[in-house]
Amino acid sequence: MKFILGKDRQQTCLFPVSLEDSIESKNSVRSIDQFVDSLNLAELGFRSDFIENGPPAYNPSVLLKLYIYGYMNRIRSSRQLEKECRRNIEVMWLLESLAPDHNTISNFRKNNGKAIKKVFFATVQIARNFGLIGATLIAGDSTKFRAQNSKKNNFNQKKIQRHLDYIDNKLEQYNKALEQSDSENEKENIKKNIDKHQGRRNEYEKLNAQLKTSGEPQISTSDPDSKHLIVRNNITEVAYCVQSTVDADHNIPFDYLVTNMNDSKAMGQMLQRAKTILGTNTFTALYDKGYHTGSEFKTANQLGIKTLVAIPGIGRASQAPDPNYNSEHFKYNKENDMYTCPEGNILKSNGSTYKGRNYRFKQYKTNRCKTCPVRALCTTSKVNGKVIQRSEYHQYIEANAQSVLQNPDAYKKRQAMVEHPYGTIKRQWSFDHIMTKKTMQRASADVGFMFIAYNLTRIWNIIRKANTCAFKAYKSFFRFIVSILMGFKVVYEQKDLSIQLIQKTVF
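Each value, and the rule that gives it
- Residues numbered from 1 in each chain as written.
- Predicted model: local features only at pLDDT ≥ 70, side-chain atom pairs only at ≥ 80, totals over all residues.
- Heavy atoms only, no water.
- Helix = DSSP H or I, 4+ residues; strand = E, 2+ residues; numbered from the N terminus.
- Buried < 20%, exposed > 50% of the residue type's maximum accessible area, 1.4 Å probe, protein only.
- Pairing = 2+ DSSP bridges.
- Core = buried A, V, L, I, M, F, W, Y, C linked by side-chain atoms within 4.5 Å.
- Axes fitted to C-alpha atoms, helices over the stretch in contact; angles between N-to-C directions.
- Parallel < 35°, antiparallel > 145°, perpendicular 65-115°, else oblique.
- Left-handed = near helix turned anticlockwise from the far one by under 90°.
- Contact = heavy atoms within 4.5 Å.
- Nonpolar A, V, L, I, M, F, W, Y, C, P; charged D, E, K, R; others polar.
- Phe/Tyr/Trp six-rings, centres within 6.5 Å; stacked < 30°, edge-to-face > 60°.
- Lys NZ or Arg CZ within 6 Å of the ring centre and 35° of its normal.
- Right-handed = clockwise from strand over helix to strand, strands pointing away.
- Expected span 1.5 Å × (residues − 1).
- Disulfide = S-S within 2.5 Å.

> When you look at the environment of lysine 110 in this model, what are you seeing that I'm missing?
Looking at where lysine 110 falls in the secondary structure, it is placed in helix H7 (residues 102-111). Between the C-alpha atom of lysine 110 and that of alanine 300, which follows or precedes it by 190 residues, the distance is 34 Å.

Here is the structure:
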């Protein structure tokens, strides 16, 4: 059987192939090269002034091209990128055969978080220039990326106290054993254990003092800005929460923000940023029920932005024995500041406001609950009867509920829009954790490259598809013209047909 044979490795080529000839014209690496060369890196914040006396530095454009190529090809490790510089012909072409070491590569990402975010906004501007961002319907959501910090290295007050109690118990046992021991070797071993546990106790005391000084509920030792967050259901991780905002037209993210908090207080800030980036407030914003917070609705109202936020279910503690007597079935009279229950009884407030977790509220109740025949269906309280709490933000919450009910089809688009980038980044590319550590700004640089790679890939795919469709349409049109001309020739050669028929055929 014959096989295809390769070339002899020892054979010398008379006309060697250049790097330029090795990279085809449609290769995406050429687009990366053009994109970076079009940027003014000094204006974006990349360092361009270096000491003349020392060894020459790499141009920031070289490292930026390397990182964008790496993230677009699922390579984030600085050591792995260093290897690619010496074995990957596309990287050799892109960097003009330069090969920075892994420390230089790593430091570039660590030290340029703000500049990298401006590069991301440059991709957003490209999308806007091509008309890929409509700015009429947007969606926001968040996802968790695991930090470079294990759960064992994350502490709160209870966890520290639990460790201290355990160490105190062990020290007590060792001290008793030391008193009862007669062997010098055994005493020496016990003293070593006592010193070891005492050292650990001192470390936990320092963490406890640091926690109290910071005023934070928890502290991480490896990556201080990361927090212990709920990822889904009861699963938790020490992670960062990344907020993003996506335009509906082509599912292109135009903003992201790395945080270490949950979603409840994020919507207002993200809407303010969206208004600034898009230069308008005429869009509609979609969010899931995690963003359902009264103060954020007020912020959206002040910004003049229409929002559709999913309505969370009623908590078990707030449920009436019969759902027909839940608080949403009580009618509110704004003029008289009172509620009317389904049985026609009036619930009034004493005028006082009470402080909740993040808001103030009034309480409404009535004495008629004591003699009401359906009390068992309405409330389980045996003392006060039915009590309704009305938040200071209730009018904004009601306005959102009306908007959701009036626009059910619009809200259904949210998941398909905003989950699209996360699905690609986390599932297809396997970017489910943060590579950098120590500060949130470094984590933002890592996330920034993820979104840069996503946006560039997305934009180029859309443009390439549009050009392909345009080319196919051009070919079809060309064939149509040719067929008409051929038909014209045929008709012209047929002597029995008139010129009027020829004109009718062509036009």
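> Honestly, the pairing of strand E5 (residues 235-247) in this entry has me stumped. Any pointers?
Consecutive side chains of a regular strand alternate in pointing toward one face of the sheet and then the other. With 10 of 13 residues buried, E5 is to be regarded as a mostly interior element. Where strand E1 (residues 137-146) and E5 come together, nine bridges link them in antiparallel fashion. Across the sheet, the residue bridging to phenylalanine 145 is tyrosine 240, located in E5. Once strand E4 (residues 227-232) ends, the chain turns through two residues before running back antiparallel as E5, passing asparagine 233 with a positive phi of about 50 degrees. As paired elements, E5 and strand E6 (residues 252-259) share seven bridges and run antiparallel to each other.

> Got a minute to help me understand unusual backbone geometry in this structure?
Residues other than glycine predominantly adopt negative phi, and peptide bonds predominantly adopt the trans conformation. Within the chain, arginine 74 stands out as a residue other than glycine whose phi angle is a positive 65 degrees. As for its placement among the helices and strands, arginine 74 is situated in the loop between helix H4 (60-72) and helix H5 (78-87). Arginine 74 gets classed as partly exposed once you look at its relative accessible area, which sits at 47%. One non-glycine residue, lysine 438, lies in positive phi territory at about 95 degrees. Looking at the secondary structure, you find lysine 438 in the loop between helix H16 (414-428) and helix H17 (440-493). For lysine 438, a relative accessible area of 43% gives the class partly exposed.

> Sorry if this is basic, but what is going on with the nonpolar core here?
A general tendency of soluble globular proteins is for nonpolar side chains to be buried together. If you look at the biggest cluster of nonpolar residues, it comprises 83 residues, and the most contacted ones within it are Phe46, Leu64, Ile68, Leu271 and Phe449. Sorting elements by how many residues they give to this core places H17 first, with 14 residues. One finds Phe155, Leu164, Ile167 and Leu211 within the second-largest nonpolar core, a separate group that totals 12 residues.

> What exactly am I supposed to notice about the packing of helix H2 (residues 28-37) against H4 here?
Relative orientation and spacing of two packed helices are given, respectively, by the angle between their axes and the distance between those axes. The geometry of H2 relative to H4 is characterised by a closest axis approach of 10 Å and an angle of 140 degrees between their N-to-C directions. Overall, the two elements H2 and H4 adopt an arrangement that is oblique. Note on packing geometry: the crossing formed by H2 with H4 is right-handed. Residues Val29, Ile32, Asp33, Phe35, Val36 and Asp37 of H2 lie in contact with H4, whose contacting residues are Ser61, Leu64, Lys65, Ile68, Tyr69 and Met72. Grouping the amino acids of the contact of H2 with H4 by side-chain chemistry returns eight nonpolar, one polar and three charged.

> Please clarify how the packing of aromatic side chains should be interpreted in this entry.
How two aromatic rings sit relative to each other is set out by the distance from centre to centre and by the angle between their planes. Summed over the entire model, instances satisfying the criterion amount to 19 aromatic pairs. Ring geometry for tyrosine 256 versus phenylalanine 451: centroids 5.3 Å apart, planes at 10 degrees, classification stacked. One end of the pair, tyrosine 256, is in strand E6; the other, phenylalanine 451, is in helix H17, and 195 residues separate them in sequence. Consider the rings of tyrosine 339 and tyrosine 364, whose centres lie 5.1 Å apart with planes at 75 degrees: the pair is edge-to-face. Separated by 25 residues along the polypeptide, tyrosine 339 in strand E10 (residues 338-340) and tyrosine 364 in strand E13 (residues 360-365) bring together distant segments of the chain. Taking relative accessible area as the criterion, tyrosine 339 reaches 4% and is therefore assigned buried. A relative accessible area of 1% means that tyrosine 364 is categorised as buried. Members of the aromatic cluster, each reached through a chain of ring pairs, are Phe46, Tyr67, Tyr71, Phe108, Trp429, Phe431, Phe449 and Tyr454. Across the ring face of phenylalanine 431, the terminal group of arginine 76 is positioned such that the distance to the ring centre comes to 4.5 Å. The ring of tyrosine 256 carries lysine 117 above its face, with NZ or CZ at 4.2 Å from the centroid.

> Help me out: how do you make sense of the pairing of strand E8 (residues 306-309) in this one?
Pairing of strand E7 (residues 284-287) with E8 involves four bridges; the strand directions are parallel. Opposite tyrosine 287, over in E8, you have valine 309 as the bridge partner. As for the winding sense of the linkage, the β-α-β connection from E7 through helix H12 (residues 294-303) to E8 is right-handed.

> What should I look at first to understand helix H8 (residues 113-129) in this one?
Since the α-helix turns once every 3.6 residues, residues separated by three or four places project in the same direction. Compared with the 24 Å implied by 1.5 Å per residue over 17 residues, the 25 Å span of H8 between its first and last C-alpha is a close match. Just past H8, the residue glycine 131 takes up positive phi, approximately 70 degrees.

> Would you explain the state of the cysteines in this entry?
Note on terminology: a disulfide is the covalent bond linking the sulfur atoms of two cysteines. By the definition in use, this model includes zero disulfides. With no disulfide partner, cysteine 369 has as its closest neighbouring cysteine sulfur the one in cysteine 378, 6.0 Å distant. Cysteine 372 forms no disulfide, and the closest cysteine sulfur to it belongs to cysteine 341, at a distance of 6.1 Å. Overall, the relative accessible area of 18% leaves cysteine 372 in the buried class.

> Where do I start with the side chain of threonine 284 in this structure?
Along the chain, threonine 284 turns up in strand E7. Residue classification places threonine 284 among the buried positions, given a relative accessible area of 17%. Those residues in contact with threonine 284 that lie beyond four places of it in its chain are Thr136, Leu137, Ile138, Lys306 and Leu308.

> Help me understand the packing of H4 against H7, please; the structure alone is not making it clear to me.
As a packed pair, H4 and H7 sit with axes 10 Å apart at the nearest point and diverge in direction by 90 degrees. By the angle between their directions, the pair H4 and H7 is classed as roughly perpendicular. Taken together, the residues of H7 that come into contact with H4 (itself represented by Pro60, Leu63, Leu64, Leu66, Tyr67 and Tyr71) are Thr104, Ile105, Ser106, Phe108 and Arg109. Split by residue class, the contact of H4 with H7 holds eight nonpolar, two polar and one charged.

> Help me out: how do you make sense of helix H10 (residues 184-214) in this one?
Compared with the 45 Å implied by 1.5 Å per residue over 31 residues, the 45 Å span of H10 between its first and last C-alpha is a close match. Residues of H10 that are buried include every one of Ile190, Ile194, His197, Tyr204, Leu207, Asn208 and Leu211, and no others. The inward-facing, buried residues of H10 abut strand E2 (154-156), helix H9 (157-180) and strand E3 (218-220). Within two residues after H10, glycine 215 carries a phi angle of roughly 75 degrees, on the positive side.

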